[in-house]
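# Topology and contacts: notes
Read off the chains here:
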Amino acid sequence: MLLFFTLGLLIHFVFFASIFDIYFTSPLVHGMTPQFTPLPPPARRLVLFVADGLRADALYELDENGTSRAPFIRNIIMHEGSWGISHTRVPTESRPGHVALIAGFYEDVSAVAKGWKENPVEFDSLFNESKYTWSWGSPDILPMFAKGASGDHVYTYSYDAKREDFGAQDATKLDTWVFDNVKDFFHHARNNQSLFSKINEEKIVFFLHLLGIDTNGHAHRPSSRDYKDNIKKVDDGVKEIVSMFNHFYGNDGKTTFIFTSDHGMTDWGSHGAGHPSETLTPLVTWGAGIKYPQRVSAQQFDDAFLKEWRLENWKRLDVNQADIAPLMTSLIGVPFPLNSVGILPVDYLNNTDLFKAESMFTNAVQILEQFKVKMTQKKEVTLPFLFTPFKLLSDSKQFNILRKARSYIKHRKFDEVVSLCKELIHLALKGLSYYHTYDRFFLGVNVVIGFVGWISYASLLIIKSHSNLIKGVSKEVKKPSHLLPCSFVAIGILVAFFLLIQACPWKYYVYGLLPVPIWYAVLREFQVIQDLVASVLTYPLSHFVGYLLAFTLGIEVLVLSFFYRYMLTAGLTAFATWPFLTRLWTRAKMTSLSWTFFSLLLAVFPLMPVVGRKPDISLVMGAGLLVLLLSLCVVTSLMKRKDSFIKEELLVHLLQVLSTVLSMYVVYSTQSSLLRKQGLPLMNQIISWATLASSLVVPLLSSPVLFQRLFSILLSLMSTYLLLSTGTVSDLICNLLFSVF
């Protein structure tokens, strides 16, 4: 049994690891040639403001008095530049958001191995392609781009990480620090000839990462005065920085300014998912090479934001977040980031049609280069007769599109060039996705075959050892044949040889060969399979079909509940009727009624909001008191019914009750500390981690009697659950039901 358990853990570990090799591999490729527009750029320098965690509606909307909380940015929209919404992608986190903005590609899912904190694969970026880049802001973001840069031309200035405490102080100081340090930097440059000459070069970038809004959103939520006041502070700071740049460079008209955000934030102060409040971020651009505001009489969008924001008469230009990277590179004339998949938004450019056409052509060639490298890599490790190329973009079609685009440029048909290049880009992006997922079907099939085999083998062992199902129909066991093991050895050799000649990674051998011994073990139990089939055939057909339908329906309800929470309500409602469909109702009416009542009560829970918007600590305290009352009743009952209720068992339960009390204290004191902006107390952190650790160990010290062991597990889980509660009605109901069940 120990061997079987160990083997099961190992196999499940392999199946779990397969998720990362199938779905979480890096899409990045290397070996491309840098591409840049062969025409003079409109700007010598670019200033990028990223207001971390800023929602589009929070910036663009008017307050209750009908005035903008960001008057300088709104004035830019109406009189100086272009604006729109930047659509981000999941996960809406700071690191992938900044990578999309600055490097032009979306989340490298292989970063899950690094806890989403850094990219495990080197990548190119706007900063790397620039002549010099100076950046100020969070130590969590800036080093990522300096680390991947070639040479020593990306400079970072960060504050101490301790300043990022969500509740310890006024988070606007994070943004004030950035603005003040940028001003000091330029003041110092006037007295430093070497630095002065560098910041007067062309193709340079200044990056200001503003974390205060995100920090205040997490601590106080986007509807809070702190969050909204922080937007006003950022607006004032941006105004001062823009004025300083214009004065420093003598209003030469060669500076481009871009103001945007990496992601938004939900009403309850979180981000990471795909809610519109998280994926819709502002984009405001002005300065060299940017179109001036365009007045329009009507605009067609699927939302009603324009009317809400009272911007319906100023043309809105929406982009995908990765499109901002090629926009910035074309403005200062540096090569497009090699891994960028962004499509240049030419509608933002205030330049000649020739410049737009050439920039779009360069964008298409840059993405096509990635497609060619990806195709070559896959072709080199696949047998010629098994390789299936991406048919929508053959070599001849690539050549024809590029030749036609160049001919259109020669004949000054610039609109046709832009359309043709966009078509080529879309095909190249589809091809990139095709080759990136080329092995996904092969790996998925192997994992499914292996997993189904393991389930079958485990089921057969259980039936063989612990079931009466096959008794009475068992036949004489035949002497095992050597044909079966020889056949599976041959299959294993063929699979290994197939993988070897294709130079597959070593992990492919694991996924390809694992099903072989598993299915060998299954077929060794062929006699059990025969007996099982014979037993099943003895059942009435109606019973068999009924069980099969109930089983299938239950599986479907569980699957659908991942997408529709109310399906859990349907399943629990069906559970509530179970006693009335069996003989239990006639034998134990009170138990049946209790089962039905609590099942229906639990069925209400999935219908409630996923996340509460207004926390109420009194509800958490009420749930904790409910647990304490239940604990007192159970312990008292055990002491009365069981004379052998020893001191050790009583001590374990008392320790768990104490843990519940401490959890209630931590929740209450933490809430109070955050409201006073004193941060999270160290003692609370220690208690919380100790509670989490003990909840995994203490139940093992309780009595092995089923009821007492379950009761001990309940108390341990409740202590942890209280620490995770936000104080909504849902939390209270869940605590109640958890305690009862």
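Residue numbers run consecutively from 1 along every chain, following the written order of its sequence. Local features in this predicted model are restricted to residues whose pLDDT is 70 or higher, and side-chain atom pairs enter the listing and the counts only when it is 80 or higher, whereas totals over whole chains, interfaces and linings include all residues. To obtain the side-chain values, all non-hydrogen atoms of the structure were included, while hydrogens and water were left out.

In plain terms, the rule: UniProt positions are given in the numbering used here, feature names are shortened, and annotations may be inferred rather than shown by experiment.
Per an unreviewed UniProt entry, the protein chain carries the name GPI ethanolamine phosphate transferase 1 and comes from Pan paniscus. Check the Sequence similarities (unreviewed entry) section of the UniProt entry for the protein chain; it says "Belongs to the PIGG/PIGN/PIGO family. PIGN subfamily."

### Things to note about the UniProt feature "transmembrane region" (unreviewed entry) in the protein chain
In plain terms, the rule: Every helix listed is a DSSP run of H or I at least four residues long, and every strand listed is a run of E at least two residues long, numbered separately from the N terminus.
The UniProt record annotates "transmembrane region" (unreviewed entry) at residues 441-463, 483-502, 536-557, 593-611, 617-638, 650-668, 680-701 and 713-738. The span residues 441-463 is 100% helix and 0% strand, and its two end C-alpha atoms sit 33 Å from each other. Helix and strand shares over residues 536-557 are 86% and 0% respectively, and the end C-alpha atoms of the span are 25 Å apart.

### Section: the packing of aromatic side chains
To keep it simple, the criterion reads: Centres within 6.5 Å make a pair out of two Phe, Tyr or Trp rings, where for Trp the six-membered ring is used; the pair is then stacked when the planes are under 30 degrees apart, edge-to-face when over 60, and tilted otherwise. The rule for a charge over a ring is simple: NZ of Lys or CZ of Arg within 6 Å of the ring centre, and within 35 degrees of the ring normal.
Inspection of the entire model under this criterion finds 48 aromatic pairs. Note that Arg 89 overlies the ring of Tyr 106, its terminal NZ or CZ placed 3.9 Å from the centroid. Of note, Arg 295 hangs over the ring of Trp 314, and the distance from its end group to the ring centre comes to 4.4 Å.

### Looking at the pattern of salt bridges
Heads up, the condition is: Salt bridges are defined as contacts in which a side-chain nitrogen from Lys or Arg sits within 4 Å of a carboxyl oxygen from Asp or Glu. Each residue is placed in one exposure class: buried if its accessible area under a 1.4 Å probe, protein chains only, is under 20% of its type's maximum, exposed if it is over 50%, and partly exposed if it falls in between.
Under the counting rule described, the total for this entry stands at 15 salt bridges. Between Asp 318 and Arg 316 there is a salt bridge, with the nearest N and O atoms lying 2.9 Å from each other. We classify Asp 318 as partly exposed; its relative accessible area is 27%. It is possible to trace a salt-bridge network through shared partners that takes in Arg 55, Asp 57 and Asp 267.

### Thoughts on the sheet that holds strand 3 (residues 132-137)
Just so we agree on the cut-off: In this description, strands pair whenever DSSP reports at least two bridges between them.
Here eight strands make up an open sheet; going across it, the order is 4-3-5-1-6-7-2-8 and the pairing mixed. Only two strands of the sheet have a single neighbouring strand rather than two, namely strand 4 (154-158) and strand 8 (319-320). Taken together, the five bridges between strand 3 and strand 5 (residues 204-210) define a ladder with parallel strand orientation. Paired with Tyr 132 across the strands is Ile 204, a residue of strand 5.

### So, helix 13 (residues 324-332)
Within helix 13, nine of the nine residues are buried, which leaves the element mostly enclosed by the surrounding structure. When helix 13 is considered as a whole, its buried residues turn out to be Ile 324, Ala 325, Pro 326, Leu 327, Met 328, Thr 329, Ser 330, Leu 331 and Ile 332.

### Focus on the confidence of the model for the protein chain
Here is the rule we go by: Every residue is assigned a pLDDT by the predictor, reflecting its confidence on a scale from 0 to 100. Whether two residues are in contact is decided by their heavy atoms, any of which lying within 4.5 Å being enough.
The predicted model of the protein chain averages 88 in pLDDT, with 91% of residues at 70 or higher. Contacts of residues 729-741 to residues separated by more than four positions or lying in other chains number 35 contacts, the stretch itself having pLDDT below 50.

### Brief notes about helix 9 (residues 212-220)
Every α-helical turn comprises 3.6 residues, leaving residues that sit three or four positions apart pointing alike. Within helix 9, the full set of buried residues consists of Gly 212, Ile 213, Asp 214, Thr 215, Asn 216 and Gly 217. Where helix 9 is buried, its residues touch strand 1 (45-51), helix 7 (172-189), strand 5 and helix 10 (225-248).

### Remarks on the environment of Gly 8
In this structure, Gly 8 sits in helix 1 (residues 2-23). With a relative accessible area of 10%, Gly 8 lands in the buried category. Separated by 450 residues in the primary sequence, Gly 8 and Ala 458 place their C-alpha atoms 9.0 Å from one another.

### Some remarks on the pairing of strand 6 (residues 255-260)
Sheet faces and side chains relate simply in a regular strand, where the side chains alternate between the two faces. The buried fraction of strand 6 amounts to six of the six residues, a majority that puts the element mostly inside the structure. Residues Thr 255, Phe 257 and Phe 259 of strand 6 are buried on one face, and the alternating residues Thr 256, Ile 258 and Thr 260, pointing to the opposite face, are buried as well. Across six bridges, strand 1 lies against strand 6 in parallel orientation. Note on strand 6: the bridge partner recorded for Val 47 is Phe 257. Sheet analysis places strand 6 next to strand 7 (residues 280-287), joined by five bridges and oriented antiparallel. By the bridge assignment for strand 7, Phe 257 is matched with Trp 286.

### Looking at the side chain of Arg 55
Our working definition: Identification of polar contacts relies on pairs of N or O atoms within 3.5 Å, with a donor-acceptor requirement for protein atoms, meaning one able to donate a hydrogen and the other able to accept it, and with residues adjacent in sequence counted only if both atoms are side-chain atoms.
Inspection of the secondary structure puts Arg 55 in the loop between strand 1 and helix 2 (56-60). A distance of 2.9 Å separates the side chain of Arg 55 from the backbone oxygen of Met 265, its partner in a polar contact. When neighbours within four sequence positions are excluded, Arg 55 is seen to be in contact with Pro 222, Tyr 227, Gly 264, Met 265, Thr 266, Asp 267, Ser 277, Leu 280 and Pro 282.

### A few points about the environment of Ser 26
In this structure, Ser 26 sits in the loop between helix 1 and strand 1. Along the chain, Ser 26 and Val 510 lie 484 residues apart, while their C-alpha atoms are 20 Å from each other. A polar contact of 3.2 Å, which involves the side chain of Ser 26, links it to the backbone nitrogen of Leu 28.

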